[in-house]
Amino acid sequence: MKWKDRFKFIRQNMKKNKSRVFMTILATSIGCAFLIVLASVGFGAQRFIVNDIMQDRAITEVSVYGKQSMEEGESPEITKADIETFQSMENVKAVSHKIQLRTEADILYDNYSGGSTVSVVDFQAEKQAGLNLSSGRMPQEENEILIGYHLHQLLYKEKDEEAGEQIFDQNGLVKDEYQMNEGLLNKTIKIEVEQYKNKEWVTETFPVEVVGIMEEPARDWQVSNDVFISDAVLAEVEAFTGTAYGATIHPDMKEDEVATLQSESQERVYNDVQVIAGNMEQVENLSRHLKDEGYHIYSVTEELDQINIVFAVVKTGLIIVGTIALLIASIGIYNTMSMAVTERTQDIGIMKAIGGHPKMIRSIFLMESGYIGLMGAFVGVVVAYLVSVGINMLLPIVIQQVFDQTLEEAIQLSYIPPYLALICVALSIGVAMLSGLKPAKKATRIDVLRALRRDV
Amino acid sequence: MIKVEKLSHSFFVGKKNNRQEVSVLKDINLEVGKGEIVSIIGRSGSGKSTLLNLMSGYIKPTEGDIFIAGERVTDYKESVWAEFRSDHLGFIFQSFQLIPSMTAYQNIELPLVMKGVPEKERESRVNAMLDKVGLNEFREHYPSELSGGQQQRVSVARALIVQPPIILADEPTGSLDQETEKELLGFIQELNKEENITFVIITHDEEVARMADRTIRLEDGRLAADREVAAR
């Protein structure tokens, strides 16, 4: 019997008892939809958490915190030689490395001033590592710098503060009315550094030109007050402070402490080092390589691996619970198919009597139950997608109404990846065919003579 | 065409402790030649239907052998029997055995569908067959919408559609009135003459027996007589 004829035959048979078939398909689709929606909550939560982590760090980023001292006298800190080692490693796209100024530097522009975090960076390396600007360009000259997105919103007039005004808002930014009216792009600002020299506090300013402003941080609550300067500016600061990295000397420091600061580090050490891999797949190899070399590292993939394991367990649990619904639906399919076999006993007997092959008869009933599974799965997937969209739309409203909280970010509680839908479709068809197995076998075992005598 | 050797069949009745063997056929030997019409007659319970069921492969004999078209079919499995039936045998039943949810056309087409014959070929063969049995105008009628004679003609058409060399008929005229019976017997004779189809017909109708080339009489499960009919 050709497949086309089998399908025709099945459709004809199903039409004989439309309501029963409809109810069975309905039960299967509810089971399938329940399974998908339940699992989609696991997928949605995983996606939300993973995205949350990914927002903070690039997935290809490996942070290096230091290294194990292999030999006596070897520094645990990351030096220029280490940076060069990283750069020469396989799979490395870029090495971002910063040196933070070890003093509280103020930024001055016109009558405005404010604190900031000043770091020395290799602009070329930062660009390769994926540093993006919201405006301007990358520095090319020694006195050119980049500033954080919010820096101009952190500067204020000292006289306003002295007047006892509340000049900062809840995010720590200067309120609009106290802010400067213009941005700092293409402006010359001054970095003010203080040092205790000859038993008095001395200040010095270093004029630099802002040529680029970094992009806004991923998080709404993050404030970027960074100032990225070149090695040359650091050298000027060091020349003034007389200490490495512009470290501030305090009046209560002992002489040996001051001497240490002044003599420290002929060689630069970096305190914020990120090795960037070419792609996500290379991160694991790179991490292993760095660990083997004795570096203390952290990569987001390690965290993601653990999260993914936890969620794999959660999702498996949810799928098992959901499959129970599908198994309940399979009882309905079994019942429907058993009744179909009983009702069609005479037809089956006639078919066998005139040359119907038992295998063909079995396949017809198996296909019929598979068809019910397929229809149920199809409807179930559509329903599941609708429910999923509904859940995601209603969730913020429910949270607002019940908990009186507004969600700043869109939370997707339910997420149905295409492969989840495909797995559930396969599962539905599989379960349906398993349910039809026994009735189909029963059909092949029907005794021809008894069936023809209507004695079954 | 059909050869039966030392064929015996018995079955058991009653439950475990009270089980009894009932012998239905005892040591039957017969042969049916190609193109013959053989009628098997006998009283009710004489074993004639059992003999036909054994030849059809619906039941297995207790002893003896059956050869059809040169093949020993006695030990055939169900699946082999299914293929053998669809290639070599056509069946006509007393109660027609048509599928009630199928039209006359679909019932006749069914053996071809099961054999996997392409749709176009099926269409032309079924149309020709409907013309042959004179049921073209009833092609879309369901069995319940046809008379007994018409239903039996559909049944005959279904048996003939795969062009089998042998047709086994179990009381084919049992549910028909005299006129329709005459018509059907005429049709059987015509088919036998034109297409050289072998017929084995179970009957207790003298009219049918007279139409046959040979008549085999069964009595109490034994072959009591095997004689040629003088003239048709």
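Computed from a prediction, not measured in an experiment: that's the story for all the values here.

About the criteria used
Counting restarts for each chain: residues are numbered from 1 in the order of the written sequence. Chains carry letters and ligands carry numbers; both start at the beginning, A for chains and 1 for ligands, and go up in the order they are written. The predicted origin of the model limits local features to residues at a pLDDT of at least 70 and limits the giving and counting of side-chain atom pairs to 80 or more, whereas totals for whole chains, interfaces and linings rest on all residues. Where helices and strands are cited, they refer to DSSP runs of H or I of at least four residues and of E of at least two residues respectively, numbered from the N terminus. Three exposure classes are used. Buried residues have 20 or more other C-beta atoms within 10 Å of their own C-beta, exposed residues have 12 or fewer, and partly exposed residues fall in between, all C-beta atoms being placed from the backbone. Two residues qualify as a contact pair if the distance between their C-beta atoms, derived from the backbone, is within 7 Å. In this analysis an axis means a line fitted to C-alpha atoms, helices contributing only their contacting stretch, and an angle means the value between N-to-C directions, from 0 to 180 degrees. Any angle between 65 and 115 degrees counts as roughly perpendicular, while under 35 counts as roughly parallel, over 145 as roughly antiparallel, and the rest as oblique. Left-handed describes a crossing in which the near helix is turned anticlockwise from the far one by less than a right angle; the clockwise case is right-handed. Residues are grouped as follows: Ala, Val, Leu, Ile, Met, Phe, Trp, Tyr, Cys and Pro are nonpolar; Asp, Glu, Lys and Arg are charged; all remaining types, including Gly, are polar. When DSSP finds two or more bridges between a pair of strands, those strands are recorded as paired. Buried Ala, Val, Leu, Ile, Met, Phe, Trp, Tyr and Cys residues form a nonpolar core when they are connected through C-beta atoms within 7 Å. UniProt positions are given in the numbering used here, feature names are shortened, and annotations may be inferred rather than shown by experiment. In this scheme, a helix's expected span is set at 1.5 Å multiplied by one less than its residue total. By arc we mean the arc of the directions from the helix axis to the C-beta atoms, nothing more.

1. Quick look at the overall build of chain B
Scanning chain B from terminus to terminus reveals seven helices and 10 strands. Put simply, chain B has 232 residues, and 44% of those count as buried. When contacts within chain B are restricted to residue pairs at least 6 apart in sequence, those whose partners lie at least 24 apart make up 69%.

2. A word on the overall build of chain A
If you tally the helices and strands in chain A, you get 13 helices and 14 strands. Across the 456 residues of chain A, 36% fall into the buried class. Within chain A, contacts between residues separated by at least 24 positions form 79% of all contacts whose residues are at least 6 apart in sequence.

3. Focus on the packing of helix α1 (residues 3–16) of chain A against helix α11 (residues 358–403) of chain A
Residue and element names in this part refer to chain A. One way to put it is that α1 packs onto α11 with a least axis distance of 10 Å and a crossing angle of 65°. Classified by the angle between their axes, α1 and α11 sit roughly perpendicular to one another. For the pair α1 and α11, the sense of crossing is right-handed. The segment α1 lies against α11, with Arg 6, Phe 9, Ile 10, Asn 13 and Met 14 engaging Ser 363, Ile 364, Met 367, Glu 368 and Tyr 371. Its residues assigned to classes, the contact of α1 with α11 comprises six nonpolar, two polar and two charged.

4. A few points about the sheet that holds strand β9 (residues 214–219) of chain B
Residues and elements named next belong to chain B. Read from one edge to the other, the open sheet built from six strands follows the order β6-β7-β8-β3-β9-β10, with strand pairing classed as mixed. Looking at which strands have only one partner, the edges of the open sheet turn out to be β6 (89–92) and β10 (222–228). The mean angle between the axes of side-by-side strands here comes to 15°, regardless of whether they run parallel or antiparallel. The pairing of strand β3 (residues 37–42) with β9 spans five bridges and is parallel. Paired with Ser 39 across the strands is Thr 215, a residue of β9.

5. Some thoughts on the interface of chain A and chain B
Taken together, the contact between chain A and chain B spans 19 residues of the former and 19 residues of the latter. The set of elements that each furnish at least two residues to the side of chain A that touches chain B consists of α1, α10 (345–353), α11 and α13 (448–452) of chain A. When residues of the side of chain A that touches chain B are assigned to their parent elements, the largest contribution, five residues, is made by α10(A).

6. With respect to the nonpolar core
Core analysis: the biggest nonpolar cluster contains 114 residues, and A:Ile36, A:Cys424, B:Ile108, B:Ala157, B:Phe199 and B:Val200 have the highest contact counts within it. The contact partners of B:Phe199, leaving out residues within four places of it in the chain, are B:Ile37, B:Val38, B:Ile167, B:Ala169, B:Ile188 and B:Asn192.

7. Digging into the UniProt feature "transmembrane region" (unreviewed entry) in chain A
Taking the UniProt record as the reference, the feature "transmembrane region" (unreviewed entry) is found at residues 309–334, 371–399 and 419–437 of chain A. A distance of 41 Å separates the end C-alpha atoms of residues 371–399 of chain A, which is 100% helix and 0% strand.

8. A look at helix α8 (residues 280–292) of chain A
Residues and elements named next belong to chain A. The first and last C-alpha atoms of α8 sit 19 Å apart over 13 residues, in line with the 18 Å expected at 1.5 Å per residue. Every buried residue of α8 is accounted for by Val 283, Leu 286 and Leu 290. Here the buried residues of α8 occupy an arc of 75° about the axis, which is enough to place them on one side. Opposite the buried face of α8, by more than 90 degrees, sit the exposed residues Glu 281, Arg 288, Lys 291 and Asp 292. Packing partners of the buried residues in α8 comprise β1 (61–67), β3 (92–100), β13 (272–277), β14 (295–299) and α9 (300–343).

9. Some points on helix α3 (residues 80–88) of chain A
Residue and element names in this part refer to chain A. Those residues of α3 not exposed but buried are Asp 82, Ile 83 and Phe 86. Taken down its axis, α3 places every buried residue within 100° of arc, on the same side. The outward face of α3, more than 90 degrees from its buried face, is lined by the exposed residues Lys 80, Ala 81, Glu 84 and Ser 88. On its buried face, α3 sits against β1, β2 (78–79), β3, β12 (269–270) and β13.

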